[in-house]
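Structural description and commentary
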Amino acid sequence: MEPQSNQQSVGTHKGVFVLAVIVLAFLVFGAAWLLGSKNVAPVILEKNISHTAVEWKQPKDFKILPSHISNIDYSRPNATLVTFVVGSITKGRFEGNSIAITTTKYGYNSLYNNERVHDYYYSVVDAQGKLVAWDKNFYHISGLYFDEESPFHISKTGLIDSLEQSLADLLPIEASIKKDFEFRDKGKFIPSISLSFESSESLTDVKVGVTDSGFDVIKGAPTQYQDTSTPFPVSSYRVRLPFGVLYYFSPEPNFIDPNDVPQLTWTLGTTTVASYRYGQYAYGWQDCYETLPKNLFEASLIPTGITATKDTVYEVDAARYPKVYACLHEKTKRYVYNPETETGEYKETITYAEFITTHPMFFWKHQIGEWIAFVRSDVVPAAEKAKPVIYLYPTKSEKVNVKVAPIGGFTVTDPEYGNGWLVQAEPNGVLTNIADGKQYPYLFWEGGEEGIVATPKEGFVVKKEDVEGTLNEKLALFGLNDQERADFLEFWVPRLSRTPYYFITFISESEIDRTAPMSVSPAPDSVIRILMDYKPLEKAITVTPLSITPKERKGFTVVEWGGIIRD
């Protein structure tokens, strides 16, 4: 009888166990269902699980080492290199060494001023700061990576090929120069090439996501540099890396091709899809929304299209808010200059009735909840001019006064502009600045960010390896001499070497005169002003060639060249 009792007991226990499993399963699945129904965020994985070989430090604990680079000829003041140790390697192939960031001295000062650092690289160094290894994928230079004249160029920093190897197992992927990142269930982001050594977070900061490496994505209030007058000011997004450094990001659409053409289908208006500027690169439209209260922005929208990723895009209802479109339409007018009468006027390029059907501006909501504005490139074109330089060739040695008034003002001039440049100009082009007695080969300025120019649709599509030859040929047609062409190519060719193809064109002189009028006294006999615009392309496209009329140089000649900043 006892064995039978034991069997019954075992059976009873089995039944209880099975019932418990069923109840537990019910509770688990029920809880999961309830959580899911309330859109509770998924559990975040343990942070930094792939970089356990490094003991990271915080900014206050950074050890500052003398740089392993010395005696570099820098073109900018106080641009010496300094190295911060941000982590100690505790195991693996580099055990006993350190992870470091090397940057220029202004980056060193940024540690205390909470400014962003744009030129820097990560490396492995020993206790004395000697370079052990580096990785080209963690080498950042803002806009200067391919410029061999940059004092921070890879060939001038001692980063020799024999020490170049992957550090991906030590450094977070978020610190690399990878083009963009996918945050878990939060869509696409693109990083800016800068770091900030800020050590504290604002009370307005909110955690909105997590990166693939497990680092928090932080959303903060708009920065001091961003326009808060728009219906939806752009927020500041950043990731705090394990060594306390903030890395900045911006939301990126997931339906844009390499030529900035959105992949979507319009459900209202015309079916043509053009190139658009978007997000932080969409500018010049904000004033058109001054009549639209921020609290009415979303209520003003109507759906007008579906993206390739099945999201809806919206536009402000033109019937209810015509002032918005009247303002945008005004921006499509182009200034036509008559050199004979030295007068000009704005002329309409498209009727208002047609304009409002062409989707001049639309909006899309990023997965993270941020509204992103898209503006057609032909509505609000590019503006900021890079390195316009002015050459003077009088027929005799004489004092020359030069004034330039770019819309939006200057960001840099050399020599100092003051109320205009006053120089002693020689027929060979040598200029002596009256204010300080120094000699210059040309006058230099940058700026004009608010001077929106009309970019021609005509131009030239060029393989990156043919850029130098093509530019040299076109510049000769414009009348530039050997030295002027060499100066132009030295500055621009490295910047047009990053994608397989480029669309290259030149802004009309009437547009240059409108957005950056120049006066020279005594009056020159001939003036040549060149402003290049370009667009990086992944694939070749077909365009109508731009017609260039050869320029003649005669008498007192003034030559100016520059280009639109695209990166």
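Before reading further, recall that the structure is shown in the block above.
Figured I'd write up the structure that's included with this text. (Residues numbered from 1 in each chain as written. Predicted model: local features only at pLDDT ≥ 70, side-chain atom pairs only at ≥ 80, totals over all residues. Heavy atoms only, no water.)

Observations regarding the side chain of serine 510
Tracing the chain through its elements places serine 510 in helix α7 (residues 509-515). Within the structure, the side chain of serine 510 is placed 3.1 Å from the side chain of serine 508, a separation counted as a polar contact. (Helix = DSSP H or I, 4+ residues; strand = E, 2+ residues; numbered from the N terminus. Polar contact = N/O pair within 3.5 Å; in protein donor to acceptor, adjacent residues only side chain to side chain.)

Regarding the pairing of strand β29 (residues 460-463)
Residues of β29 alternate between two faces, with Phe460 and Val462 buried on one and Val461 and Lys463 left unburied on the opposite face. Pairing of β29 with strand β30 (residues 501-506) involves four bridges; the strand directions are antiparallel. The residue of β30 that forms the bridge with lysine 463 is tyrosine 501. (Buried < 20%, exposed > 50% of the residue type's maximum accessible area, 1.4 Å probe, protein only. Pairing = 2+ DSSP bridges.)

With respect to the nonpolar core
Counting 31 residues, the largest nonpolar core has Val86, Ile99, Tyr122, Val124, Leu170 and Phe243 as the members making the most contacts within it. Taken together, the elements giving at least two residues each to this core come down to β1 (54-56), β3 (81-89), β4 (98-104), β6 (120-125), β7 (131-140), β12 (236-240) and β13 (246-252). In terms of residue count, the dominant contributor to this core is β3 (four residues). Among the nonpolar cores identified, the runner-up in size contains 29 residues, and Val389, Ile504, Phe506 and Val559 belong to it. (Core = buried A, V, L, I, M, F, W, Y, C linked by side-chain atoms within 4.5 Å.)

Observations regarding the state of the cysteines
Counted according to the given criterion, the structure contains one disulfide. Between the sulfur atoms of cysteine 288 and its disulfide partner cysteine 327 the distance amounts to 2.1 Å. Looking along the S-S bond of the cysteine 288-cysteine 327 disulfide, the torsion reads about -70°, which is the left-handed sense. Linking cysteine 288 in the loop between β15 (276-278) and β16 (301-307) with cysteine 327 in helix α3 (residues 322-330), this pair joins segments that are 39 residues apart in sequence. (Disulfide = S-S within 2.5 Å.)

A few points about the pattern of salt bridges
Within the structure shown, the criterion is met by nine salt bridges. The closest approach of N and O atoms between glutamate 298 and lysine 365, which form a salt bridge, is 4.0 Å. You can see glutamate 298 sitting in the loop between β15 and β16 and its partner lysine 365 sitting in strand β20 (residues 361-365), a full 67 residues away along the chain. Here aspartate 482 makes a salt bridge to arginine 485, at a shortest N to O gap of 2.7 Å. Here aspartate 482 pairs with arginine 485, and both are found in helix α6 (residues 482-492), just three residues apart, close to one helical turn. Note on aspartate 482: relative accessible area 58%, which makes it exposed. Overlapping salt bridges, with partners in common, bring together Asp513, Arg529 and Glu560 in one network. (Salt bridge = Lys/Arg side-chain N within 4 Å of Asp/Glu carboxyl O.)

Considerations on the sheet that holds strand β31 (residues 518-521)
Pairing is antiparallel across the open sheet formed by five strands, whose spatial order is β27-β26-β25-β23-β31. With partners counted over all chains shown, the strands left at the sheet margins are β27 (439-440) and β31, one partner each.

Quick look at unusual backbone geometry
Along the chain, aspartate 414 connects to proline 415 via a cis peptide bond; the corresponding omega equals 0°. Despite not being glycine, lysine 310 has its phi angle at roughly 70°, a positive value. Mapped onto the elements, lysine 310 comes out in the loop between β16 and β17 (312-316). Taking the relative accessible area as the measure of exposure, lysine 310 reaches 70% and is therefore exposed. One non-glycine residue, histidine 359, adopts positive backbone phi at about 55°. For histidine 359, the position within the fold is in the loop between α4 (352-355) and β20. For histidine 359, a relative accessible area of 2% translates into the label buried.

Remarks on the environment of proline 545
Mapping proline 545 onto the fold places it in the loop between β32 (526-537) and β33 (557-564). When its relative accessible area of 58% is taken as the criterion, proline 545 is described as exposed. When sequence neighbours within four positions are dropped, the list of residues in contact with proline 545 reads Glu458, Gly459 and Phe460. (Contact = heavy atoms within 4.5 Å.)

Overview of the packing of helix α5 (residues 467-478) against α6
It is the contact of α5 with α6, at a shortest axis distance of 10 Å, that shows an interaxial angle of 145°. Crossing of α5 against α6: the hand is right-handed. Facing Glu468, Leu471, Asn472, Leu475 and Ala476 of α5, the residues of α6 in contact are Arg485, Phe488 and Leu489. (Axes fitted to C-alpha atoms, helices over the stretch in contact; angles between N-to-C directions. Left-handed = near helix turned anticlockwise from the far one by under 90°.)

A look at α5
With 12 residues, α5 ought to run about 16 Å at 1.5 Å a step, and its terminal C-alpha atoms sit 16 Å apart, in line with that. Considered for burial, the residues of α5 that qualify are Val467, Thr470, Leu471, Lys474, Leu475 and Phe478. Projected down its long axis, α5 shows its buried positions confined to an angular sector of 125°, all on one face. Residues of α5 that are buried sit in contact with β29, α6, β30 and β32. Glycine 479, located one to two residues past α5, shows a positive phi value of around 105°. (Expected span 1.5 Å × (residues − 1). Arc of directions from axis to C-beta.)

Remarks on the packing of aromatic side chains
For the coordinates displayed, the defined rule picks out 30 aromatic pairs. Here phenylalanine 62 and phenylalanine 84 contribute two aromatic rings whose centre-to-centre distance is 6.2 Å and whose plane-to-plane angle is 45°, an arrangement assigned as tilted. In this pair, phenylalanine 62 sits in the loop between β1 and β2 (63-66) while phenylalanine 84 sits in strand β3, placing the two residues 22 residues apart along the sequence. Judged by its relative accessible area of 9%, phenylalanine 62 falls in the buried class. The exposure class of phenylalanine 84 is buried, given its relative accessible area of 0%. On the numbers, 5.5 Å between centres and 80° between planes, the contact of tryptophan 266 with phenylalanine 362 is edge-to-face. Here tryptophan 266 is found in strand β14 (residues 264-266), whereas its partner phenylalanine 362 is found in strand β20, with 96 residues between them in sequence. Given a relative accessible area of 0%, phenylalanine 362 falls into the buried group. Joined through ring pairs, the aromatic side chains of Phe255, Trp266, Tyr276, Tyr278, Phe362, Trp364 and Phe374 make up one cluster. Sitting above the plane of the phenylalanine 460 ring, lysine 474 keeps its charged end 4.2 Å from the centroid. (Phe/Tyr/Trp six-rings, centres within 6.5 Å; stacked < 30°, edge-to-face > 60°. Lys NZ or Arg CZ within 6 Å of the ring centre and 35° of its normal.)

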